[in-house]
Each structure stands twice: as structure tokens, then as C-alpha cells.
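Chain residues, written in single-letter form:
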Amino acid sequence: AQRVTQPEKLLSVFKGAPVELKCNYSYSGSPELFWYVQYSRQRLQLLLRHISRESIKGFTADLNKGETSFHLKKPFAQEEDSAMYYCALYGYSTLTFGKGTMLLVSP
Amino acid sequence: NAGVTQTPKFQVLKTGQSMTLQCAQDMNHNSMYWYRQDPGMGLRLIYYSASEGTTDKGEVPNGYNVSRLNKREFSLRLESAAPSQTSVYFCASSEIGISYEQYFGPGTRLTVT
């Protein structure tokens, strides 16, 4: 069975501070990993996926197969980054989500 | 292009009542999904339809039924609502292939008293 673990329910930082949202996974095959974001009163949307190796809104995420991790990072947090972030793994025809981490960026 | 739409946005039911949540997408996607979102639990898959004419159980299917009416529409039915089904329900759709991106609807907030 596949599993996604996000160990932090809440991460609170000040504007300009670095951010790292942790994600670990368990999957027997070759994983396809994603980060989804849900801003207040908005629908869930894709932030980035590991296969594209892109940076979106200053966020990056690197797949580390040895540590089975896909942590989301941003060097300088902005107030508009405040949202709920979900790590997700695609496998066996379905997307499995972690429980989510709420990021709060204070001025 | 509305993307994924859901009706209703809010609903209050009494225990034992039934209702159907509607979902439609206009992106010509083959796959559609129903999730529930609960505090501290993240999103959990209830049912999905990989393609028109097929449906499969997800992680938490008990108490629910689904119908893939056509390629555009995928409904979720609660036959006898229970307080444990109080949640926010999200519908999503995606294409089959390397993209795997799922597009979500705005959600339905359901309260069962």
C-alpha cells in the first residue's frame, strides 16, 4: 500500500524566513509525486510535480529516493504563501494525499 | 470553460436522509474522483471512475454509492446519511497519462445532524 506522511500539522514562520514543508512516502514502485495547495476559500490546485523539476512561486521540491522524501522548500516566505499544502503520490491509478500542513506566514 | 463544478455548495441533512452530490467537468477528462476532506485527515478517496462506464472503491467507500452518468458527470449518493459523514466533499477530474494532474471542484460542505 502507498502512504504519504506530512509530520507537521502547522508551520508558522515570519515573512522572509526560509520554509521547508516535509513529506515522506512509502511506495513499492517508481513514485510520481506532487504538491497541491489550497488557499483560503479557494479550491485545491496543483503547485508542482517532481517530473517537471520546475519552480513555481519560488517553491521547489526534490525527490530523494534514498530517503523517500519530497520536501517543499522556499528560501524567502511571503505572506501570500499562507495556505494548506498537501503532498500527494500517484500510484495504482489513484492519488494518495498526506494529511496536509498549514503554513502561516506572519509579517 | 468552468472546469469542475459541484452542486450544492452547502447542505444540511438529518440522520437517515438521503441526497446526491452532483459533479460535472467540461475538460473532456476520462477520470473522475470523489474525496472527503476532514480536519487532521487530509483528503481521502471515496470512489473513482477511471473511465466512462467504470467505477472503483477508494479508501473510504462505506456509506456511499456513485454513478458515472456520462463522460462529463459523476455523482455521489448518500443513501442514509450519518453524522460521521459530515465533511467537505470534493470532486476532481484528470486525464489518463503522464500528466496525472487532478483538477478540483469548489467543494460541497455537508453537515449531518
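Description of the structure in this document. (Residues numbered from 1 in each chain as written. Chains lettered and ligands numbered in written order. Predicted model: local features only at pLDDT ≥ 70, side-chain atom pairs only at ≥ 80, totals over all residues. Heavy atoms only, no water.)

**What to know about the state of the cysteines**
Residue and element names in this part refer to chain A.
Here is step 1 of the chain: Scanning the model with the defined rule gives 2 disulfides over all chains in all.
Here is step 2 of the chain: Sulfur-sulfur distance for the disulfide between C23 and C87 comes to 2.0 Å. Here C23 and C87 share a disulfide; its torsion about the S-S bond, -65 degrees, makes the bridge left-handed. A residue pair is termed long-range when its members are at least 10 positions apart, and C23 in the loop between β3 (19-21) and β4 (24-26) and C87 in strand β9 (residues 83-91) qualify at 64 residues. (Disulfide = S-S within 2.5 Å. Helix = DSSP H or I, 4+ residues; strand = E, 2+ residues; numbered from the N terminus.)

**Quick look at unusual backbone geometry**
Here is step 1 of the chain: The omega angle of the peptide bond from T7(B) to P8(B) is -5 degrees, so this bond is cis rather than trans.
Here is step 2 of the chain: Along the polypeptide, P8(B) turns up in the loop between β1 (4-7) and β2 (10-13).
Here is step 3 of the chain: You will see that K57(A), though not glycine, has its phi angle at about 55 degrees, which is positive.
Here is step 4 of the chain: With respect to the helices, strands and loops of the structure, K57(A) is situated in the loop between β6 (45-49) and β7 (60-61).
Here is step 5 of the chain: Taking the relative accessible area as the measure of exposure, K57(A) reaches 48% and is therefore partly exposed.
Here is step 6 of the chain: Here N28(B), not a glycine, exhibits a phi torsion of approximately 60 degrees, which is positive.
Here is step 7 of the chain: Structurally, N28(B) is set in the loop between β3 (19-25) and β4 (31-38). (Buried < 20%, exposed > 50% of the residue type's maximum accessible area, 1.4 Å probe, protein only.)

What is shown is where atoms sit, not what they do.
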